[in-house]
Amino acid sequence: MIHVVDDDFSFRSAISRVLKISGYQVADYDSAAVFLQNIKDAKPGCLLLDVQMPSLGGLQLQEELAKLSPDWPIIFMTAHGDIPTSVRAIKAGAEDFLSKPVSKDTLLPAIERALVRSERMRESRNQQKSLKSLVETLTARESEVFSLMVRGKMNKQIAHALGTSERTIKAHRQAVMQKLQVQSFAQAVSIAERVGLLAAPSPSANS
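Only a predicted model underlies this, so the values are computations on that prediction, with no experimental measurement involved.

1. Concerning the side chain of His172
Note that His172 resides in helix 8 (residues 166-180). Apart from residues no more than four positions distant in its own chain, His172 is found in contact with Arg141, Glu142 and Val145.

Right under this line is the structure:
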């Protein structure tokens, strides 16, 4: 689904026609406010957004979407573009910034890139969420062991740091590997990196 937000009726109609011929479903809106009113019922897809519109401009809509639903891939289209505006849009996460009139040969590849990148980001977020769910199944002591083991601490060092025996630590490590559904130490470290554990202080940083 491609959502076209532009106050120029003739441009909006022309773009919608090109998109439909190219096999996309299209929903069009004559203002950013109308799009926001309908966002709860809007099908996921790519947003083609004009920069200058009455009342609420494209950059302002981008800011609102960042709060409401950050998953929207946005391609800006404008007849009055400038470098500061384009830089601001791209820094805020826009996929592309195109100048009107937009040719079919420019628009369609831009949409395809935006949709592919958006899908990859969505898959990455879903995978990260799944990994966090696995980590959350660890007990408090298993979490401590996990945090230390992925930092390269040996069983003896972990046992000393946590005030327990090496046998107990070995059992905890096995439980951690089983709960995280990994077969190797490298896979465990990869999960720790993906969920941001290695960026946090070690529970025994001074040990």
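2. A look at the sheet that holds strand 5 (residues 96-99)
Within a sheet, adjacent strands bond to each other through the backbone by hydrogen bonds, running parallel or antiparallel. Taken together, the five strands give an open sheet; going across it, the order is 2-1-3-4-5, and neighbouring strands pair in parallel fashion. Pairing within the sheet leaves two strands with one partner each, and these edge strands are strand 2 (26-29) and strand 5. Here the strands of the sheet are splayed against their neighbours by 20° on average, with no regard to which way each runs. Bridge count between strand 1 (residues 2-5) and strand 3 (residues 46-50): four bridges; the pairing is parallel. Within the sheet, the bridge partner assigned to Val4 lies in strand 3 and is Leu48.

3. Quick look at the packing of helix 1 (residues 9-21) against helix 5 (residues 104-135)
Where helix 1 contacts helix 5, the axes come no closer than 11 Å and their chain directions differ by 65°. Helix 5 is crossed by helix 1, and the crossing has right-handed handedness. Between helix 1, through Ile15, Val18 and Leu19, and helix 5, the contact on the second element is made entirely by Lys104, Leu107, Leu108 and Ile111. When its residues are assigned to classes, the contact of helix 1 with helix 5 shows six nonpolar, no polar and one charged.

4. Digging into helix 4 (residues 83-91)
The set of residues buried in helix 4 consists of Thr85, Ser86 and Ala89. Within helix 4, the buried residues cover an arc of 95° as seen down the axis, which keeps them to one side. What points out from helix 4, more than 90 degrees from its buried face, is the exposed set Ile83, Pro84 and Lys91. Of the surrounding elements, those touching the buried residues of helix 4 are helix 3 (58-68), strand 4 (74-78) and strand 5. In the segment just after helix 4, Gly93 is the residue with positive phi, at about 110°.

Reading the values: rules and limits
- Counting of residues starts from 1 at the beginning of each chain's written sequence and follows it residue by residue.
- The predicted nature of this model means local features are confined to residues of pLDDT at least 70 and side-chain atom pairs, given and counted, to a pLDDT of 80 or more, with totals for whole chains, interfaces and linings taken over all residues.
- The basis for every side-chain value is the complete set of non-hydrogen atoms in the structure, without hydrogens or water.
- Where helices and strands are cited, they refer to DSSP runs of H or I of at least four residues and of E of at least two residues respectively, numbered from the N terminus.
- We call two residues in contact when some of their heavy atoms are within 4.5 Å.
- Between any two strands, pairing holds if DSSP finds at least two bridges.
- Here an axis means a line fitted to C-alpha atoms, over the contact stretch when the element is a helix, while the angle between two N-to-C directions is reported on a 0 to 180 degree scale.
- Rotating anticlockwise by less than a right angle from the far helix to the near helix defines a left-handed crossing, while the corresponding clockwise rotation defines a right-handed one.
- Classes in brief: Ala, Val, Leu, Ile, Met, Phe, Trp, Tyr, Cys and Pro nonpolar; Asp, Glu, Lys and Arg charged; the others, Gly included, polar.
- Remark: exposure states derive from per-residue accessible area (1.4 Å probe, protein chains only) relative to the maximum for the residue type, with buried under 20%, exposed over 50%, and partly exposed in between.
- Relevant arc is that of directions from the helix axis to the C-beta atoms, nothing else.

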